[in-house]
Amino acid sequence: MYKNIWLALVEIEAKEGKIFHDLLDHEEGLKEQYIGAWGNVLVNCKRINQVPHIIEKGGMKRE
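Calculation criteria
- Residues numbered from 1 in each chain as written.
- Predicted model: local features only at pLDDT ≥ 70, side-chain atom pairs only at ≥ 80, totals over all residues.
- Heavy atoms only, no water.
- Core = buried A, V, L, I, M, F, W, Y, C linked by side-chain atoms within 4.5 Å.
- Buried < 20%, exposed > 50% of the residue type's maximum accessible area, 1.4 Å probe, protein only.
- Contact = heavy atoms within 4.5 Å.
- Patch = residues over 30% accessible without salt bridge, like charges linked within 9 Å, V, L, I, M, F, W, Y side chains within 5 Å.
- Areas by Shrake-Rupley, 256 points an atom, 1.4 Å probe, with all protein chains shown as cover.
- Salt bridge = Lys/Arg side-chain N within 4 Å of Asp/Glu carboxyl O.
- Helix = DSSP H or I, 4+ residues; strand = E, 2+ residues; numbered from the N terminus.

Here we take up the nonpolar core. In this structure, A8, V10, V43, C45 and V51 together form the largest nonpolar core, which totals 5 residues. The contacts of A8, once residues within four sequence positions are left out, are G39, N40, V41, V51 and I55.

So, about a nonpolar patch on the surface. On the surface, I5, L7 and L42 cluster together into a nonpolar patch covering about 340 Å² of accessible area. Examined against the element boundaries, L7 turns out to sit in strand β1 (residues 5–12).

With that out of the way, let us pick up the environment of I35. Its place among the elements puts I35 in the loop between β1 and β2 (37–44). Relative accessible area serves as the criterion here: at 76%, I35 is assigned to the exposed category. Taking the C-alpha atoms as reference points, I35 and I19, separated by 16 residues in sequence, lie 7.4 Å from one another.

Dropping the structure here:
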């Protein structure tokens, strides 16, 4: 039996009051200032309409 694995391309931004560039692990000489990123997220759930809710909940867990 196969499982439903959904691939979502998500935009990653810093929480309000945080600076995204400060959250990156980079060398001190980096001149570019990043304001966000994109990432691929695999979600294991039965229905595709559940994917946005799962991603949103997962993104809120970290500080």
